[in-house]
Amino acid sequence: MNPDNLVQTTGEWLRATGPESDVVVSTRIRLARNHAAYPFTNRASPHQKAEIEAIVREKVAQVDSDRPLHFINISKLGQLDRQFLVERQLISRELANAEGPRAVVVDDREAVSIMVNEEDHLRLQVMRSGLALDEAWQDIDSVDDRIEQVFDYAFSDEFGYLTACPTNVGTGMRASVMLHLPALVLTKQIEKVFRALQKINLVVRGLYGEGSRASGDFYQISNQVTLGKSESAALTEIREVNRQIIEYERQARTLIIKETRQAIQDRVARALGTLQSATMMTSEETMELLSSVRLGVNVGLVTGLPITLVNELFLHTQPAHLQKLMGTQLDGEERNAARARYLRTRLKEAGPNPN
Amino acid sequence: MKCQLCPNPATVHFTKVVNKKATELHLCTECAARQQIPSLGELSLSAILQSLIGQHVGPQAEEMSRLTCPTCGLKYMEFRREGRLGCPRDYASFRVGLEPILRKVHRSTRHVGKVPRRRQPSEIDLSLLDLRQQLRRAVQAEAYEEAARIRDQIREKEAANESR
Ligand SMILES: [Zn+2]
Ligand SMILES: [Zn+2]
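Residues numbered from 1 in each chain as written. Chains lettered and ligands numbered in written order. Predicted model: local features only at pLDDT ≥ 70, side-chain atom pairs only at ≥ 80, totals over all residues. Heavy atoms only, no water.

Asker: Help me out: how do you make sense of the overall build of chain B in this one?
Answerer: Of regular secondary structure, chain B possesses 8 helices and 2 strands. Mapped from its N terminus to its C terminus, chain B presents α and β elements in the order β-β-α-α-α-α-α-α-α-α. Across the 164 residues of chain B, 45% fall into the buried class. Split by element, the accessible area of chain B, about 9,100 Å² in all, is 49% carbon and sulfur. (Helix = DSSP H or I, 4+ residues; strand = E, 2+ residues; numbered from the N terminus. Buried < 20%, exposed > 50% of the residue type's maximum accessible area, 1.4 Å probe, protein only. Areas by Shrake-Rupley, 256 points an atom, 1.4 Å probe, with all protein chains shown as cover.)

Structure below.
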């Protein structure tokens, strides 16, 4: 499959159709898996990595699946296409920038993806819209069952699924929930929430933007422990924490509407106005403004603008997406102009109104 | 670049965002671990891991520093530096050094959860891994006859596993 086929769309997980979509963008579960008969990626020879890749191409990508699986050879992609796959969260930055034989297997809906020769031989990933940990687990558990028929997993009764980094050993499972928490940020409660999370061993990080920088008020919460705690116990823990954070965020939204309605109204209207009229727009500013607009839609301060479109704009205004959409390479300044133009056009089509 | 909290070289670089204000942080591994910064991502988890390796393997350090995995050739000191294991055997090769780290990171040293459905409960079979590594060394040494012999062994073993 050619990444160009994905440009006009978003994965289903970004369409805001899942449970608690006003706060939760998506649920992701990853499983780290390695082949028992090969050294881990960092100690494997190029030849051995190529063999792993061949097993995936010839067997793993051919397992029964609800939707057809497509094999994408990453070492053959240019920098822009690799960046594009990172923005879509189909591959990690590490895999994009690595060297040697490596690949990703993706289904049509972008619900399932399998990174090949990342830190571990396989990183299976399932994405779902909204808070859907059980559904995501069922999906990935069944993908995992089918892959184990053709890929001999490194597993020991004592340590579980063996991984290159001891922080992943055991279940090899990392479940992450991506939340949009603008009201907790505005009311300055976000730090408090994070401190509480740290105590129960969950990891929080900012999403989008460069590196680990939080932008657009998106945060991702993941479990940290993979050894000595079953998948279901870890999922229960992360589900309960997320329920709480969702509750806090909703309370904060109610509070700001009740106590500072005019200020919020102004903030949202200005954000929307700027997005509809600016001629230069950086990635950071876009994130900030879209975040305010997303909040505005969710608390009823903006009508006529579907959340699906707002989510899509977050993705489509990322640098690689923008360049793919425009069909040409753009430098920083050109990108800012193209981004502003794209936002104006898309928002004009939708025709939202501040209330 | 130097760590912002001590004179060591900075190895962890990230941006902390508090109330929409971004602060650049450049820390050494130890300081990053001590900070327990909540916005630390998975990447920095491994930085924390590296400092744990330093802190918790003290008593066995002498013994551990002499260890090398016979299968992948990883030295314990390399694991200590990079925080990554080299092959499935390393969980046995470096067990003494790993257990205190696992206890610290996971508060456990024993797997609970999914077990591959296909597999009989027994010790992990590493014979194919060893054969593949022998093959790699034979090819490197241009010992092609031996390489061919090992390739046959691998094929036999794989066929036996298929029909299992
Ligand atoms: Zn330091
Ligand atoms: Zn080894």
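More follows now that the structure is in view.
Asker: Is there a simple way to explain helix H7 (residues 231-277) of chain A in this structure?
Answerer: A turn of α-helix holds 3.6 residues, and therefore any two residues three or four places apart point the same way. Helix length check: H7 of chain A (47 residues) gives 48 Å between terminal C-alpha atoms against 69 Å at 1.5 Å per residue, more than 12% under. The largest bend in H7 of chain A is about 105°, located at Thr260 of chain A. (Expected span 1.5 Å × (residues − 1). Bend = angle between axes of the 7 residues up to and from the residue.)

Asker: Explain the coordination of the zinc ion (ligand 2) here, please?
Answerer: Six octahedral donors around a metal ideally subtend angles of 90 or 180 degrees, whereas four tetrahedral donors ideally subtend 109.5 degrees. All names here are of chain B. In this structure, Cys69 (SG), Cys72 (SG), Cys87 (SG) and Asp90 (OD) serve as the protein donors to the zinc ion (ligand 2), at separations of 1.9 to 2.3 Å. Around the zinc ion (ligand 2) sit 4 donor atoms; with metal-centred angles ranging over 91 to 118°, the donor geometry is tetrahedral. Mapped onto the polypeptide sequence, the residues donating to the zinc ion (ligand 2) form the spacing pattern C-x2-C-x14-C-x2-D. Of this pair, Cys72 sits in the loop between helix H3 (61-65) and helix H4 (76-82) while Cys87 sits in the loop between H4 and helix H5 (90-93), and the two are 15 residues apart along the sequence. Taking relative accessible area as the criterion, Cys87 reaches 0% and is therefore assigned buried. (Donors = N, O, S within 2.8 Å, 3.2 Å for Na, K, Ca; no water. Tetrahedral: all angles 85-135°; square planar, octahedral: opposite > 155°, others 65-115°.)

Asker: Explanation requested: the domain arrangement of chain A in the structure shown.
Answerer: A common way to state how big an interface is: give the accessible area lost once the parts meet. Residues and elements named next belong to chain A. By the assigned domains, chain A splits into domain 1 (3-248) and domain 2 (260-350). Centre-to-centre separation of domain 1 and domain 2, based on C-alpha positions: 27 Å. Across the boundary between the two partners, domain 1 contributes 26 residues, which contact 23 residues of domain 2. Summing the contributions of domain 1 and of domain 2, the shared interface buries around 2,200 Å²; its carbon and sulfur component is 64%. The largest contributions to the domain 1 side of the interface with domain 2 come from Leu80, Glu87 and Leu186, which together make up 25% of the buried area. For the pair domain 1 and domain 2, the interface holds 1 salt bridge. (Domains from an automatic or database assignment. Contact = heavy atoms within 4.5 Å. Buried area = accessible area lost by both parts, 1.4 Å probe. Salt bridge = Lys/Arg side-chain N within 4 Å of Asp/Glu carboxyl O.)

Asker: Explain the nonpolar core to me, please; I cannot follow it from the model alone.
Answerer: Across soluble globular proteins, you tend to see nonpolar side chains buried next to one another. Judged by nonpolar contacts, the single largest core of 117 residues is most densely connected at Ile91, Leu122, Ile147, Phe151, Leu179 and Ile245 of chain A. Per-element tally for this core: the top contributor is H7 of chain A, with 14 residues. Once residues lying within four places of it in the same chain are set aside, the contact partners of Ile91 of chain A are Ile74, Arg82, Leu85, Val86, Ala96, Val104 and Met115 of chain A. Counting residues in each nonpolar core, the second largest holds 25 residues, with Phe40 and Leu227 of chain A together with Leu74 and Leu102 of chain B among its members. (Core = buried A, V, L, I, M, F, W, Y, C linked by side-chain atoms within 4.5 Å.)

Asker: Just checking my understanding: could you explain the confidence of the model for chain A for this structure?
Answerer: Any segment with low pLDDT has predicted coordinates that should not be analysed in fine detail. Per-residue confidence for chain A averages 90 on the pLDDT scale, and 96% of its residues sit at or above 70. Here residues 209-213 of chain A scores under 50 on pLDDT; set against residues more than four positions off or in separate chains, the count is 15 contacts. (pLDDT = per-residue confidence, 0-100.)

Asker: Explain the side chain of Glu231 of chain A here, please?
Answerer: One can find Glu231 of chain A in helix H7. Reaching out from Glu231 of chain A, the side chain makes a polar contact with the backbone nitrogen of Lys114 of chain B at a distance of 3.1 Å. Contact partners of Glu231 of chain A, with chain neighbours within four places excluded, come to Trp137, Thr171 and Met173 of chain A together with Gly113 and Lys114 of chain B. (Polar contact = N/O pair within 3.5 Å; in protein donor to acceptor, adjacent residues only side chain to side chain.)

Asker: Sorry if this is basic, but what is going on with the environment of Ala234 of chain A here?
Answerer: Residue and element names in this part refer to chain A. Among the secondary structure elements, Ala234 is positioned in helix H7. With 59 residues separating them along the chain, Ala234 and Ala175 place their C-alpha atoms 8.3 Å apart. For Ala234, the residues in contact, after removing those within four places along its chain, are Met173, Asn223 and Lys229.

Asker: I keep staring at the pairing of strand S3 (residues 103-107) of chain A and nothing clicks. Help me out?
Answerer: Consecutive side chains along a regular strand alternate between the two faces of the sheet. All names here are of chain A. Across the 5 residues that make up S3, a large majority, 5, are buried. Burial of the side chains of S3 extends over both faces: Ala103, Val105 and Asp107 are buried on one face and Val104 and Val106 on the other. Relative to S3, strand S2 (residues 69-73) runs antiparallel, the two being bridged by 5 bridges. In the sheet register, His70 faces S3, and the bridge partner there is Val106. In the sheet, S3 pairs with strand S4 (residues 112-116) via 4 bridges, with the strands oriented antiparallel. Bridge pairing in S4 links Val104 to Met115. Hairpin connection between S3 and S4: a loop of 4 residues separates the two successive antiparallel strands, and Glu110 in this loop has a positive phi of roughly 60°. (Pairing = 2+ DSSP bridges.)

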